[in-house]
Amino acid sequence: MKILRFLLIILLYFTFNIQNIIADETKMLKGLEIFNETAACAGCHTMKAAGAEGNVGPNLDTVDLTVESVIDMVTYGLGVMPAYGEDEILTTEEIEIVSKYVVNSAGK
Amino acid sequence: MRKIEKKLNLKRRSFLASTASIAGLAATASVVPISISSANHNDGEKGLPDFINWKDRDALIVHSDKGIETHRSAIGESLITPNRNVYIRNNMPTMTDAQIGNRNDWRVSIEGVKNPKTFTLAQLKKLGHTTVATILQCSGNGRGFFEHKVRGSQWKTGAAACVFWTGVPMKAVVDACGGINGEAVFMTSAGVDHEPTGLDPKKAMVERSVPKKAFKDAMLAWEMNGVSLPNAHGGPLRMVTPGYFGINNVKHLGKVAFTAKESSVKYMKKSYRISPIGKKGSQYPSCWEMPVKSWITRPTDETGTVRAGKVQIVGVAMGGTKKIRSVKVSTDGGKSWNRAKFIGPDLGKFAWRQFAYEANLSSGTYNIASLASNGSKKQPELRMENRRGYAHNGWKDHSVNITVV
């Protein structure tokens, strides 16, 4: 009985983690799509992980980033960078996804 | 579409691989000390982006490949800031030699004058010749002292330099065009560095209007500290507006127009406006004339502990668009002030002046500050709070703490 309970716990643990991994991976792929296509961040920024070689804004592989700072920058823009949130170019959810993607991918 | 899918698949593998190595990276980071100044540089020579690999890495703090600050103690012990130490702040990518072509064939059009003309750089060199020392300072110099979360490079003191410019006075150019049209209120300068990017000029063109009166002191510069104006600093031709913040000194200059209205591009209408925190808009003042300001360059927390006894407290002071008149130094956090001496040559009201105050300090910790005056205005104690962290000249934030042993 104990063995069965143990195996059940192990099974649930792996199922839960696999779902999380799949969910994270899906969000990362969505983030990459927003970065390269929807918001076209790649046109202005370099980030090796996305294959981006833009040279208008800072090279994202060389700056210190936090999810909070990227969300702020993407939402409100700066200089030539559009205010993706304020101007409703991206949804709040898309901004969060692309920001997490950038922070997870920059410098790698 | 197939190409996108390929890239997504490729990046998916890359993401999974990077996830697996996170633990390894964290372990490395915990044993390797990383300082702010060296943690975020490029892979290029000396850790500097390729377009400025000729600069002195040790003199610079790299915020990003587009925002590079001079260390407080490296802005120039001999008054002028050497090119290799001058900060970098570019809104558009620096133009390459290939994009610029033959420098003497570079063209600038002059409009809003009686006889509009286009001059090549070679033709400009025949119109007049002058050399002026001015302070080049980013509007956001001092942003790093603001406590609200301000977007942009967190400059402390090093987005500033004192530079010799050589070129033609704008007045000589205007005279060659028969004078300014009567209705002009602004001098509007436009760069062409946005053109290779293909971005919308309304959003990307650096076009700046300043009050027309600025043309009397302005010049079109092709040399910086005795060498051909580096591309990274706007070569081959740059507008220089003495006494005005850096953004108005337009790089890669393609047009100067005397206009009845301010430019309508984003960099004029929306950016560089000094607005209250939480507010924005073109109704707020633009970053034009620089205010009176000073700061200490030695000793600082960068220069280590100081030996007890006589200590030379050295710094730089600027009057903005007026001549600097006096500087006082405090060694007790502003409770008492002593007049400092100006040292070195006076290069005119648009250059900064070095100052020195000899203090006799025993062991202990000190907060040392400087307070400049141009006769009509002096530095405030506190910063002027504003949304984008512009025009900071408060003396308190610019003070330094030193330890004397």
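K.L.:
How should the overall build of chain B be read in this particular structure?
P.N.:
On a plain count of helices and strands, chain B comes out with eight helices and 21 strands. When contacts within chain B are restricted to residue pairs at least 6 apart in sequence, those whose partners lie at least 24 apart make up 69%.

K.L.:
What am I meant to see in the overall build of chain A here?
P.N.:
When you go through chain A residue by residue, the secondary structure sums to three helices and two strands. A burial count over chain A gives 37% of its 108 residues as buried. Sequence separation of 24 or more characterises 49% of the internal contacts of chain A that already satisfy a separation of 6 or more.

K.L.:
Help me understand the sheet that holds strand 4 (residues 107-111) of chain B in this model?
P.N.:
Whenever strands of a sheet pair, they do so through backbone hydrogen bonds, lying parallel or antiparallel. Residues and elements named next belong to chain B. Ordered by their spatial adjacency, five strands build an open sheet running 5-4-13-8-9, and the pairing between neighbours is mixed. Each edge of the sheet is formed by a strand with only one pairing partner; in this case those strands are strand 5 (117-120) and strand 9 (207-211). Ignoring which end each strand starts from, the neighbouring axes of this sheet average 20 degrees apart. As paired elements, strand 8 (residues 186-191) and strand 9 share five bridges and run antiparallel to each other.

K.L.:
Would you explain the environment of tyrosine 357 of chain B in this entry?
P.N.:
All names here are of chain B. Examined against the element boundaries, tyrosine 357 turns out to sit in strand 19 (residues 353-361). On the basis of neighbour count, tyrosine 357 is assigned to the buried category, with 22 C-beta atoms found within 10 Å. As a C-alpha pair, tyrosine 357 and serine 370 span 13 residues in sequence and 9.9 Å in three-dimensional space. Setting aside anything within four residues of it in sequence, one finds tyrosine 357 in contact with Ile313, Val329, Asn338 and Ala340.

K.L.:
Is there a simple way to think about the sheet that holds strand 1 (residues 60-64) of chain B in this case?
P.N.:
All names here are of chain B. Spatially, three strands are ordered 1-2-3 in an open sheet, and the strand pairing comes out antiparallel. In this open sheet, the two strands that pair with only one neighbour each are strand 1 and strand 3 (88-89). Here two bridges tie strand 2 (residues 67-70) to strand 3, and the two strands are oriented antiparallel to one another. Bridging from a neighbouring strand, isoleucine 68 pairs with isoleucine 88 of strand 3.

K.L.:
Explain the nonpolar core to me, please; I cannot follow it from the model alone.
P.N.:
Nonpolar side chains in soluble globular proteins generally cluster together in the buried interior. Core analysis: the biggest nonpolar cluster contains 127 residues, and Val163, Met219 and Leu220 of chain B have the highest contact counts within it. Beyond its immediate stretch of four places on either side in the chain, methionine 219 of chain B contacts Thr130, Val132, Trp165, Gly167, Val168, Pro169, Met170 and Val240 of chain B.

K.L.:
Looking at this structure, how should I read helix 3 (residues 92-105) of chain A?
P.N.:
Since there are 3.6 residues in each turn of an α-helix, residues three or four apart along the chain are aligned in direction. Taking 1.5 Å as the rise per residue, helix 3 of chain A with 14 residues should run 20 Å; its terminal C-alpha atoms sit 20 Å apart, in good agreement. For helix 3 of chain A, the set of buried residues is Ile95, Ile97, Val98, Ser99, Tyr101, Val102, Asn104 and Ser105 of chain A.

K.L.:
Whenever I open this one, unusual backbone geometry confuses me. Can you help?
P.N.:
Excluding glycine, residues mostly have negative phi values, and the peptide bonds linking residues are mostly trans. Residue and element names in this part refer to chain B. A cis amide bond, omega 10 degrees, links glycine 235 with the succeeding residue proline 236. Take proline 236: it is sitting in the loop between strand 11 (227-228) and strand 12 (238-240). With a phi angle near 50 degrees, asparagine 225 is a residue other than glycine that sits in the positive phi range. Within the secondary structure, asparagine 225 is located in the loop between strand 10 (219-224) and strand 11. The buried category is assigned to asparagine 225, around which 20 C-beta atoms lie within 10 Å. Unusually for a residue other than glycine, histidine 252 sits at a positive phi of about 45 degrees. As for its placement among the helices and strands, histidine 252 is situated in the loop between strand 12 and strand 13 (253-259).

K.L.:
Is there a simple way to explain the pairing of strand 1 of chain B in this structure?
P.N.:
For strand 1 of chain B, the buried fraction is high: four of the five residues fall into the buried class. Joining the antiparallel neighbours strand 1 of chain B and strand 2 of chain B is a turn of two residues.

K.L.:
Is there a simple way to explain the environment of tyrosine 272 of chain B in this structure?
P.N.:
All names here are of chain B. Residue position: tyrosine 272 is located in the loop between helix 8 (266-269) and strand 14 (293-298). Between the C-alpha atoms of tyrosine 272 and proline 291, which are 19 residues apart in sequence, the distance is 15 Å. Aside from chain neighbours lying at most four places away, what touches tyrosine 272 is Ser139, Ile247, Tyr267, Ser286 and Cys287.

K.L.:
Before we go on, may I ask you to explain the packing of helix 2 (residues 67-76) of chain A against helix 3 of chain A in this structure?
P.N.:
Residues and elements named next belong to chain A. Running from N to C, helix 2 and helix 3 point in directions that differ by 130 degrees, and their axes come no closer than 9 Å. The orientation of helix 2 relative to helix 3 falls into the category oblique. Helix 2 and helix 3 meet at a crossing whose hand is right-handed. Residues Val67, Val70, Ile71, Val74 and Thr75 of helix 2 form the contact with helix 3, whose own contacting residues are Ile95, Glu96, Val98, Ser99, Lys100, Val102 and Val103.

K.L.:
Which parts of the structure should I look at to understand the pairing of strand 2 of chain B?
P.N.:
Put simply, side chains in a regular strand alternate between the two faces of the sheet. All names here are of chain B. Here strand 2 shows no split at all, with Gly67 and Glu69 on one side and Ile68 and Thr70 on the other all buried. In terms of strand pairing, strand 1 meets strand 2 through four bridges, oriented antiparallel. Considered in strand 2, the bridge of valine 62 is made with isoleucine 68.

K.L.:
Got a minute to help me understand the environment of asparagine 360 of chain B in this structure?
P.N.:
Residue and element names in this part refer to chain B. Mapped onto the fold, asparagine 360 is located in strand 19. Along the backbone, asparagine 360 and glycine 309 are 51 residues apart, and their C-alpha atoms lie at a distance of 5.1 Å. The residues touching asparagine 360, leaving out its near neighbours within four places in the chain, are Gly309 and Lys310.

K.L.:
Is there a simple way to think about the confidence of the model for chain A in this case?
P.N.:
Detailed reading of the predicted model is not advised wherever pLDDT is low. Summarising the model, chain A shows a mean pLDDT of 89, and 87% of its residues fall at 70 or more. Mean pLDDT across the elements of chain A ranges from a minimum in helix 1 (residues 2-38) of chain A, with 79, to a maximum in helix 3 of chain A, with 97.

K.L.:
Explain the confidence of the model for chain B here, please?
P.N.:
Chain-level statistics for chain B give a pLDDT mean of 89 and a share of 89% at 70 or above. For the stretch residues 1-43 of chain B, pLDDT sits under 50, and the model shows 36 contacts to residues farther than four places along the chain or on other chains.

Calculation criteria
- Residues numbered from 1 in each chain as written.
- Chains lettered and ligands numbered in written order.
- Predicted model: local features only at pLDDT ≥ 70, side-chain atom pairs only at ≥ 80, totals over all residues.
- Helix = DSSP H or I, 4+ residues; strand = E, 2+ residues; numbered from the N terminus.
- Contact = placed C-beta atoms within 7 Å.
- Buried ≥ 20, exposed ≤ 12 C-beta atoms within 10 Å, placed from the backbone.
- Pairing = 2+ DSSP bridges.
- Axes fitted to C-alpha atoms, helices over the stretch in contact; angles between N-to-C directions.
- Core = buried A, V, L, I, M, F, W, Y, C linked by C-beta atoms within 7 Å.
- Expected span 1.5 Å × (residues − 1).
- Parallel < 35°, antiparallel > 145°, perpendicular 65-115°, else oblique.
- Left-handed = near helix turned anticlockwise from the far one by under 90°.
- pLDDT = per-residue confidence, 0-100.

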